[in-house]
Amino acid sequence: GPGTTPDSLQYLFAAQDLLGGESLRSLSRHWPPGYSLLISLPLALGWEPAWALRMLSTVIAALNVVLFAACVRPLEAKPTVVSLLATSGFALSPGVLSISIMALSEPPFLACLLGALLALRSFLVSGSRAALGVATMCLACALFTRYSGIAFVGLVAAWLVFMQWKASPQRAIL
């Protein structure tokens, strides 16, 4: 099965409590509810807990590789050798592999951050407010998954203020 830790079990028990009609109060204040809610989805379909955790870990690991590849791909149509090597390095790095085989909140958090980066890249290129909205939702999900996501929310907010100031200093101050 997937690697579990005491933290993993807290997330799993909270997901089971949620499906049993209880609230997420069993989850300590140290753990945000996002990963428990994610775990509850396959459990609601009747999947056995170990299988649900294993499938979630597999799907999220694959999603992280795809999102990373999209982030490092050049804006042109074809990926370059450098982007392929970077993606391979990411996918096979000991850090990514070690968190991907564990039932922890880091992989979905990473997926949310990579999604936000990809959407911000799209916003930067196109100026699309929809892309900015997607980035905002991804950052909100990151924060809902790991409280450390607040640092990225602050960073993106500061970046947006800077970009607005650069475009129109008078408007940015107001």
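Note: the structure precedes this text.
Below is a short write-up of the structure. Everything numeric here is computed off the predicted structure, so don't read it as measured data.

What counts and how
Residues numbered from 1 in each chain as written. Predicted model: local features only at pLDDT ≥ 70, side-chain atom pairs only at ≥ 80, totals over all residues. Heavy atoms only, no water. Core = buried A, V, L, I, M, F, W, Y, C linked by side-chain atoms within 4.5 Å. Buried < 20%, exposed > 50% of the residue type's maximum accessible area, 1.4 Å probe, protein only. Helix = DSSP H or I, 4+ residues; strand = E, 2+ residues; numbered from the N terminus. Contact = heavy atoms within 4.5 Å. Salt bridge = Lys/Arg side-chain N within 4 Å of Asp/Glu carboxyl O. Polar contact = N/O pair within 3.5 Å; in protein donor to acceptor, adjacent residues only side chain to side chain. Phe/Tyr/Trp six-rings, centres within 6.5 Å; stacked < 30°, edge-to-face > 60°.

1. Notes on the nonpolar core
- Ranked by internal contacts, the top residues of the largest apolar core, which has 14 residues, are Leu113, Leu120, Leu139 and Ala142.
- Looking at this core, the elements that each hand over two or more residues are helix H6 (106-126) and helix H7 (129-145).
- For this core, the element with the highest residue contribution is H6, accounting for seven residues.
- In this structure, Leu139 is in contact with Leu113, Ala116, Phe152, Val153 and Val156, ignoring residues within four places of it in sequence.
- Counting residues in hydrophobic clusters, the runner-up holds twelve residues, among them Ile39, Leu43, Leu56 and Ile60.

2. Overview of the pattern of salt bridges
- Under the counting rule described, the total for this entry stands at one salt bridge.
- The partner of Glu106 in a salt bridge is Arg146, with the nearest N and O atoms 3.4 Å apart. Of this pair, Glu106 sits in helix H6 while Arg146 is found in the loop between H7 and helix H8 (150-167), placing the two residues 40 residues apart along the sequence.

3. Some details on the side chain of Ser105
- For Ser105, the location among the structural elements is in the loop between helix H5 (94-100) and H6.
- Within polar-contact distance, the side chain of Ser105 engages the side chain of Tyr11 at 3.2 Å.
- Of the polar contacts made by the side chain of Ser105, one reaches the side chain of Arg146; its length is 2.9 Å.
- Once residues lying within four places of it in the same chain are set aside, the contact partners of Ser105 are Tyr11, Tyr35, Thr145 and Arg146.

4. Focus: the packing of aromatic side chains
- In this structure the tally under the stated criterion is four aromatic pairs.
- With centroids separated by 4.3 Å and ring planes inclined at 5°, the aromatic side chains of Phe68 and Phe90 adopt a geometry described as stacked. With Phe68 in helix H3 (residues 49-72) and Phe90 in helix H4 (residues 81-92), the pair connects residues that are 22 residues apart, well separated along the chain. The residues Phe68 and Phe90 share a single accessibility class, namely buried.

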